[in-house]
Amino acid sequence: MRRLDRYIAKTVFGGALAGLFVIVSLSFVFEFIDEADDIGRGGYDLASAMLVVALSMVQRAYEAFPMATLIGALVSLGALAARSELTVMRAVGMSVGQIARAVVAAGVLLALLAAALGEWVAPPANQLAQAVRAEAAGGGVGAVGGGFWARDGDYRLRVEQVVRPDLLAGVRAYELRDNRLQRIIDAPRARFEQGRWRLSDASVTALGGESVVVSSGQSLAIGGELQPATLEVVVQAPETLSGRELRRYIGYLEGNDLDSGRYRLALWVKLATPLATIVMLLLTVPLVFGSQRGAGVGQQIFLGVLIGLAFFLLNRFLGNAGLVYGLPPSFSALAPTLVFFVIALALLRRVR
């Protein structure tokens, strides 16, 4: 039986990777078409566009893991059923539960692969893609919407651009003490030196009682709680960050009494993705043994796409609803996986 277990697991594993390759290849084509509109702007040429899209495919592969494994496993198990191999396995005493166990074993390996991809490969690939695009366009790494806000102790910072994690451009700092605005500081540059942000050639507007004092050309150091490592997180979408970066930034936000809901949701989604991969594979077993036994490859793929889209839409709906209505991030992220797990178990019990 162990040889049959390995055979099933190997077949499912290979089918899942093949499904992942197809989905990523299609994503590459569509994203390259979108990226082609920016070719020719500044130093952004064809080679840079292809590199940026190729690097972004690592994140697409991670996000597509549950759907890709579902489609690939449906096709591979469907092929076994079409060749009557599953029937022969049942005839020699292998139960549906044992077949499901072999499929789940492949799912665990795929889940580990997905976790490694999302934690150690996709985040640096996204950062490199962002850096390549920014360098080719002749600028630094910009945040969404042309800038961002951050809190650093008594200072509220408005930053136009992150040139490097330790170098900011277009900085305006509002100094508040006892909920009263004390100073407004404008500087073209801010560099992180010796644990503080050094603002050079700064213009300072000091608000003292009924008087306002304006001075320019100053060099002064402020803050220090906002670290360069945190800025690497600020300019990226939460979904593209590693779990370690998410935990660090959540700590920064909550330490400064800021909303961390979006980042907590991203962290729980990162934890749920490997589990969803296993559940999607478990779901293929009753589908193949049920009414799909005689279905062709096209029908298997169509069924996989429908189920994958249903999972994706439910996941997206609960995620957005959780942010709007204040649902626990753990519930929003894990509920779709739990729903499909219950469905898989119910269908498995009906298979004889």
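For the structure, see preceding data.
Residues numbered from 1 in each chain as written. Predicted model: local features only at pLDDT ≥ 70, side-chain atom pairs only at ≥ 80, totals over all residues. Heavy atoms only, no water.

A. Fine view of the layout of surface pockets. Of the volumes computed, that of the largest pocket is approximately 1,000 Å³. Surrounding the largest pocket, 33 residues form its lining, E63, V269, F312, N315 and R316 being those nearest its centre. For the lining of the largest pocket, the element with the highest residue contribution is helix α7 (residues 261–289), accounting for 9 residues. (1 Å grid on protein atoms, 1.4 Å probe; cavity = no way out; pocket = protein on both sides within 12 Å on 5 of 7 lines; lining within 4 Å. Points joined across faces, edges and corners; volume = space filled by probe spheres on them. Helix = DSSP H or I, 4+ residues; strand = E, 2+ residues; numbered from the N terminus.)

B. Main features of the side chain of T240. With respect to the helices and strands, the residue T240 is situated in the loop between α5 (228–234) and α6 (243–255). A distance of 2.8 Å separates a polar atom in the side chain of T240 from the backbone oxygen of A237. Every residue in contact with T240, bar those within four places of it in the chain, is listed here: Q59, P123 and N126. (Polar contact = N/O pair within 3.5 Å; in protein donor to acceptor, adjacent residues only side chain to side chain. Contact = heavy atoms within 4.5 Å.)

C. Representation of the pairing of strand β2 (residues 155–164) within the structure. The pairing of strand β1 (residues 148–152) with β2 spans 5 bridges and is antiparallel. Bridging across to β2, A150 finds its partner in L157. In this structure, the hairpin formed by β1 and β2 is closed by a connection of 2 residues, where G153 is found at a positive phi of approximately 65°. Note: β2 against strand β3 (residues 167–177), 8 bridges, orientation antiparallel. Along β3, the bridge assignment pairs Y155 with E175. Hairpin connection of β2 to β3: 2 residues between the antiparallel strands. (Pairing = 2+ DSSP bridges.)

D. Focus on the nonpolar core. Counting residues in hydrophobic clusters, the biggest one holds 59 residues, and the most contacted among them are I8, V12 and L86. Looking at this core, the elements with two or more residues in it are α1 (2–35), α2 (46–82), α3 (85–91), α4 (96–137), α7, α8 (297–325) and α9 (329–350). Tallying contributions element by element places α2 first for this core, with 18 residues. Setting aside its immediate chain neighbours within four residues, I8 contacts L77, M89, M94, I99, A102 and V103. Counting 31 residues, the second largest nonpolar core, distinct from the first, contains A150, V162, A202 and L246. (Core = buried A, V, L, I, M, F, W, Y, C linked by side-chain atoms within 4.5 Å. Buried < 20%, exposed > 50% of the residue type's maximum accessible area, 1.4 Å probe, protein only.)

Such coordinate-based values are descriptive only and should not be taken to indicate function.
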